[in-house]
Amino acid sequence: MAGGPRVDEESLPTRTFSPPAIVIGAALLAGVVFGVVLEFLVIVSLIGQRLWHDPALGHDLLFTLPLLLWVAVLAATVLGVVRVISSWLEVDEHGFRLHGLVRRDSAAGWDEVAKVLAIREIDRGLTPVELLDVPETAYDGIYLLDAQGRRMLAVSSRMFGHRAQRITLERARAAGVEVEDIEVLTFTELRARAPQALTVLDRHPNLCLALLALFYVGHNVLTFVVWGL
């Protein structure tokens, strides 16, 4: 029979998970938005006026600043997209390993994990994360914490899928790690229970979005003032 026997993935000792196609597509789309669409005025001004011929470009800091900021945004956007699409998570009976480009590899054994918080629904209020649908079988958040309450790993269904969450919980329970299954938790309650499990973006999503919007508005205003149209 062509192709040989079919391998049962569920029986594999090590399971590997990577971002699904929809996440990769969303990351690429976000890259285009942040690197090109929101910087349209900068690109149009640079190309339309052929500013690369201007002797002030590269010699006058203020005149060059709009270009420098765009290059920085472009570099950060590319690195962010690569970080997302190149991530992969390995889970087995010994522990987990999170790999990827533009990130420091993270690995730990189950004996280093003190607790797992498995939260079905996190009420964050009205944020962009709340607008993304997840499967009913998925957890809104799974956090692996060390003895000091610091986050070792966050397994998101949006990033790796609900099967990655299920396998992570199965391996953790099999290794004797305490798993706290929580049905509903507000974001404030989660922050109070495990403050070190959250990143700055987790703690202040709306503020981070506001600062990001303010940067783009400021960059475009600066471009208009310095380069004109």
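Residues numbered from 1 in each chain as written. Predicted model: local features only at pLDDT ≥ 70, side-chain atom pairs only at ≥ 80, totals over all residues. Heavy atoms only, no water.

### What about the packing of helix H3 (residues 61–85) against helix H8 (residues 205–227)?
Right, on to step 1. Running from N to C, H3 and H8 point in directions that differ by 145 degrees, and their axes come no closer than 9 Å. Crossing geometry of H3 relative to H8 is assigned as left-handed. Of the residues in H8, those touching H3 at Leu 62, Phe 63, Leu 65, Pro 66, Leu 67, Leu 69, Trp 70 and Val 73 are Phe 215, Tyr 216, His 219, Leu 222, Thr 223, Val 226 and Trp 227.
Right, on to step 2. Grouping the constituent residues of the contact of H3 with H8 by class yields 13 nonpolar, two polar and no charged. (Axes fitted to C-alpha atoms, helices over the stretch in contact; angles between N-to-C directions. Helix = DSSP H or I, 4+ residues; strand = E, 2+ residues; numbered from the N terminus. Left-handed = near helix turned anticlockwise from the far one by under 90°. Contact = heavy atoms within 4.5 Å. Nonpolar A, V, L, I, M, F, W, Y, C, P; charged D, E, K, R; others polar.)

### Some remarks on the sheet that holds strand E5 (residues 115–123)
Right, on to step 1. Spatially, E7-E6-E5-E8 is the arrangement adopted by the four strands of the open sheet, whose pairing is mixed. The outermost strands of the open sheet, each flanked by one partner alone, are strand E7 (151–155) and strand E8 (178–186). Each neighbouring strand pair of the sheet contributes to a mean axis angle of 20 degrees, computed without reference to strand direction.
Right, on to step 2. Here E5 runs beside strand E6 (residues 141–145); their pairing, made up of five bridges, is antiparallel. Looking at the pairing, Val 116 lines up with Leu 144 of E6.
Right, on to step 3. Docked against the sheet, helix H5 (residues 162–174) engages E5, E6, E7 and E8, running at close to 140 degrees with respect to E8. (Pairing = 2+ DSSP bridges.)

### Side note on the confidence of the model for the protein
Right, on to step 1. With 88% of its residues at a pLDDT of at least 70, the protein reaches an overall mean of 86.
Right, on to step 2. Within the protein, H3 carries the highest mean pLDDT (95), whereas helix H7 (residues 200–203) carries the lowest (81).
Right, on to step 3. When the criterion is pLDDT under 50, residues 4–8 qualifies, and its contacts beyond four places in sequence or with other chains add up to one contact. (pLDDT = per-residue confidence, 0-100.)

### As for H8
Residues separated by three or four positions in an α-helix point in the same direction, a consequence of the helix having 3.6 residues per turn.
Right, on to step 1. Taking 1.5 Å per residue as the helical rise, H8 with its 23 residues ought to reach 33 Å, and the 33 Å between its terminal C-alpha atoms agrees with that figure.
Right, on to step 2. Three or more residues of H8 are buried, namely Tyr 216, His 219, Asn 220, Thr 223 and Trp 227.
Right, on to step 3. On its buried face, H8 sits against helix H1 (21–35), helix H2 (40–48) and H3.
Right, on to step 4. Once H8 ends, the next one or two residues include Gly 228, with phi positive near 70 degrees. (Expected span 1.5 Å × (residues − 1). Buried < 20%, exposed > 50% of the residue type's maximum accessible area, 1.4 Å probe, protein only.)

### Description of the pairing of strand E2 (residues 88–91)
Right, on to step 1. Note that strand E1 (residues 15–17) and E2 share three bridges and pair antiparallel. By the bridge assignment, Thr 16 is partnered in E2 with Glu 90.
Right, on to step 2. Two strands pair when backbone bridges link them, and E2 and strand E3 (residues 95–99) are joined in this way by four bridges, in the antiparallel orientation. In the sheet register, Val 91 faces E3, and the bridge partner there is Phe 96.
Right, on to step 3. As consecutive antiparallel partners, E2 and E3 are separated by three residues.

### Here we look at the packing of aromatic side chains
Right, on to step 1. All told, the structure shown has four aromatic pairs when counted by the stated rule.
Right, on to step 2. Both rings, one in Phe 63 and one in Trp 227, keep their centres 6.2 Å apart while their planes meet at 55 degrees; by these two values the pair is tilted. Placement of the pair is Phe 63 in helix H3 and Trp 227 in helix H8, with a sequence separation of 164 residues. Trp 227 matches Phe 63 in its accessibility class, with the two residues each being buried. (Phe/Tyr/Trp six-rings, centres within 6.5 Å; stacked < 30°, edge-to-face > 60°.)

### Observations regarding the packing of H1 against H3
Right, on to step 1. Contact pair H1 / H3: the axes reach a minimum separation of 9 Å and the direction vectors enclose 175 degrees. Overall, the two elements H1 and H3 adopt an arrangement that is roughly antiparallel. Taken together, the residues of H3 that come into contact with H1 (itself represented by Val 23, Ile 24, Ala 27, Leu 28, Gly 31, Phe 34 and Gly 35) are Trp 70, Val 73, Leu 74, Thr 77, Val 81, Val 84 and Ile 85.
Right, on to step 2. Here the contact of H1 with H3 is built from residues that sort into eleven nonpolar, three polar and no charged. (Parallel < 35°, antiparallel > 145°, perpendicular 65-115°, else oblique.)

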